[in-house]
Amino acid sequence: IPFYSELNVNFDFTPDSKNIVCASEDDELSVYNLRGEKQLSIKTQNPIEKLSVLQNSSVVAVYTTKNQIELYDLSTKEFVGYLPAYNSTTLTTFSFNNDNASLLLGYEDGSIYKVDVKKDFLAPGENPPSLQLISNEEKIVPLNTENIEITSFKIFTEKNNLIIPK
């Protein structure tokens, strides 16, 4: 495939496997055909860290330097919204289920969150709600605080109810 990127960002096939989606600049998604010809570009809201094309969809999920996942529709070339950060540590992996309704987020501190995409999806410009985490000491800590230091346990969340291993 005759294209090259110096960025350390992964790339992905479109669902039809006829094109490749990659970061062509820090803040630009591009789609190339298999001959290396650029088909389209979309400027992103924030610099790109990782990306994933959603299954059976024209939507690309982009993990950004703001520790959130932004969604872009390749068919309309638009930013359609985002999923806010669920943890103050770095996101290490994310994976959508087969129908793109749920998302698993894995963070550097070992925490894993299950997100209901439709419920937690925010439109452009919409602010996230205030959420809370319950620590292994059963203290309440606001999630939107910049300096959260909860590293001594792993959590799994569904509908913001936490199950904490003892």
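In this text, all values refer to a predicted model and were calculated from it rather than measured experimentally.

*Asks:* Quick question: what am I supposed to make of the overall build of the protein here?
*Replies:* Regarding its fold elements, the protein presents 1 helix and 15 strands. Taking the contacts inside the protein whose residues are at least 6 apart along the sequence as the reference set, 36% of them involve residues at least 24 apart. A total accessible area of about 9700 Å² is found for the protein, and carbon and sulfur atoms account for 47% of it.

*Asks:* Quick question: what am I supposed to make of the sheet that holds strand β7 (residues 69–73) here?
*Replies:* Strand pairing in a sheet is mediated by backbone hydrogen bonds. Such pairs are either parallel or antiparallel. Strand order in the open sheet formed by 4 strands is β5-β6-β7-β8, with antiparallel pairing between adjacent strands. Looking along the sheet, the strands with just one partner apiece sit at the ends: β5 (48–53) and β8 (78–83). If you compare each strand with its neighbour and ignore which way they point, the axes differ by 25 degrees on average. In terms of strand pairing, β5 meets strand β6 (residues 59–64) through 5 bridges, oriented antiparallel. Looking across to β6, one finds that Lys 50 is bridged to Tyr 63.

*Asks:* For this particular structure, what's the right way to read the confidence of the model for the protein?
*Replies:* Caution applies to low-pLDDT parts of the model: their predicted coordinates are not meant to be read in detail. When the pLDDT values of the protein are averaged, the result is 78; 73% of them are 70 or greater. Within the model, the stretch residues 134–142 combines pLDDT values under 50 with 22 contacts to residues more than four positions away or in other chains. Below pLDDT 50 for its whole length, residues 144–166 participates in 47 contacts with residues either more than four positions away or in separate chains.

*Asks:* Just checking my understanding: could you explain the pairing of strand β10 (residues 102–107) for this structure?
*Replies:* The two faces of a sheet get side chains in turn, since along a regular strand they alternate between them. With 5 of 6 residues buried, β10 is to be regarded as a mostly interior element. Pairing geometry for strand β9 (residues 91–96) and β10, over 5 bridges, is antiparallel. Note on β10: the bridge partner recorded for Thr 93 is Gly 106. Taking the residues that link successive antiparallel strands as the turn, the β9-β10 hairpin has 5 residues, and the phi of Asn 100 there is positive, at about 65 degrees. Here β10 runs beside strand β11 (residues 112–116); their pairing, made up of 5 bridges, is antiparallel. Residue pairing in the sheet places Leu 104 in a bridge with Lys 114 of β11.

What counts, and at which threshold
Position labels on residues start from 1 in each chain and follow its written sequence. Local features in this predicted model are restricted to residues whose pLDDT is 70 or higher, and side-chain atom pairs enter the listing and the counts only when it is 80 or higher, whereas totals over whole chains, interfaces and linings include all residues. Values shown for side chains rest on all heavy atoms present in the structure; no hydrogens or waters enter the calculation. A run of DSSP states H or I qualifies as a helix once it reaches four residues; a run of E qualifies as a strand once it reaches two. Both are numbered from the N-terminal end. What makes two residues a contact is simply this: any of their non-hydrogen atoms within 4.5 Å. Only the protein chains shown count as cover for residues, and the accessible areas themselves come from Shrake-Rupley with a 1.4 Å probe. Should DSSP find at least two bridges between two strands, the strands are taken to pair. Axis definition: a line fitted to C-alpha atoms, limited for helices to the stretch in contact. Angles are taken between N-to-C directions and run from 0 to 180 degrees. One number per residue, pLDDT, summarises how confident the predictor is, and it ranges from 0 to 100. Exposed residues in this analysis have more than 50% of their type's maximum accessible area, buried residues have under 20%, and partly exposed residues fall in between, with area computed by a 1.4 Å probe over protein chains only.

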